[in-house]
Amino acid sequence: MKLFAMLLSQFDLKMFHEAEGFFKVALNIDNSEIPIEVKLVDNIGKGSTGGRCGPVFTDDSTFDNLKIEKISIKIKHSCTVIGMIEALAHEMVHAKQYIDKDITVSFERYYFWGFIPRIKARKFWKGQDTTDLDYYDQPCEMEAYLLQKKLTFDYLNIVQKNLDPLAMAKLLHTQTESNID
Ligand SMILES: [Zn+2]
């Protein structure tokens, strides 16, 4: 890896991890009893998904008694750093929704064709069953899309004020270039 590219990727990672701390404070989930685990991954599914967030339940959880052990967030590594930060902001909003119990889930057993056992997950928003709503009609998604821009803008604004403008200009230039691909 070329030196500049290496420095840039270290810079990107630092910025990403600082954003993680910033978003937790901004969303008031930095002191949550439920830990939030953020991982950078190479791929999420097959589509163009940039991030994913979901609860991980304790081993002794049962369908009638679900206990969240941690919230797991995955962010796709191949996005630009701004894209990664915005994806992180979006998933952090979901983490808050799980922590505040705005989103709850339940599982139920059913039998496909009357004999093949299956498990169906149901998703609720403030008590309302939203399982069958389209993605963009989900209230949790509307809130996440609404807040992700503001969170990202606030963070970048702060970063910009503390940074050497030349380094920032170089970063933004690289972002613009890599977006053209
Ligand atoms: Zn979402």
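Reading the values: the criteria
- Residues numbered from 1 in each chain as written.
- Predicted model: local features only at pLDDT ≥ 70, side-chain atom pairs only at ≥ 80, totals over all residues.
- Pairing = 2+ DSSP bridges.
- Helix = DSSP H or I, 4+ residues; strand = E, 2+ residues; numbered from the N terminus.
- Axes fitted to C-alpha atoms, helices over the stretch in contact; angles between N-to-C directions.
- Contact = placed C-beta atoms within 7 Å.
- Core = buried A, V, L, I, M, F, W, Y, C linked by C-beta atoms within 7 Å.
- Buried ≥ 20, exposed ≤ 12 C-beta atoms within 10 Å, placed from the backbone.
- Expected span 1.5 Å × (residues − 1).
- Bend = angle between axes of the 7 residues up to and from the residue.

### Some points on the sheet that holds strand 2 (residues 51-57)
Right, so step 1: Within the open sheet, the three strands sit side by side as 1-3-2. Their pairing is mixed. Each edge of the open sheet is held by one strand with a lone partner, namely strand 1 (36-41) and strand 2. Neighbour-to-neighbour, the strand axes of this sheet turn through a mean angle of 20°, independent of strand direction.
Right, so step 2: As defined by bridge partners, strand 2 adjoins strand 3 (residues 68-76) across seven bridges and the pair is classed as antiparallel. Within strand 3, the position partnered with P55 by the bridge is I71.
Right, so step 3: Lying over the sheet, helix 2 (residues 81-99) contacts strand 1, strand 2 and strand 3, oriented at roughly 165° with respect to strand 3.

### Looking at the nonpolar core
Nonpolar side chains in soluble globular proteins generally cluster together in the buried interior.
Right, so step 1: The biggest cluster of nonpolar side chains holds 25 residues, and the ones touching the most others in it are F23, I73, I85, L88, A89 and A95.
Right, so step 2: Counting only elements with at least two residues in this core, the list comes to helix 1 (3-26), strand 1, strand 3, helix 2 and helix 3 (139-162).
Right, so step 3: The element that contributes the greatest number of residues to this core is helix 2, accounting for ten residues.
Right, so step 4: When near neighbours in sequence (up to four residues on either side) are disregarded, I85 contacts F16, A19, T152 and Y155.

### A closer look at helix 3
Right, so step 1: The end-to-end C-alpha distance of helix 3 is 35 Å, a good match for the 34 Å that 24 residues give at a rise of 1.5 Å each.
Right, so step 2: In helix 3, a bend of some 25° at L147 exceeds every other bend along the element.
Right, so step 3: What helix 3 keeps buried is the set C140, A144, Q148, L151, T152 and Y155.

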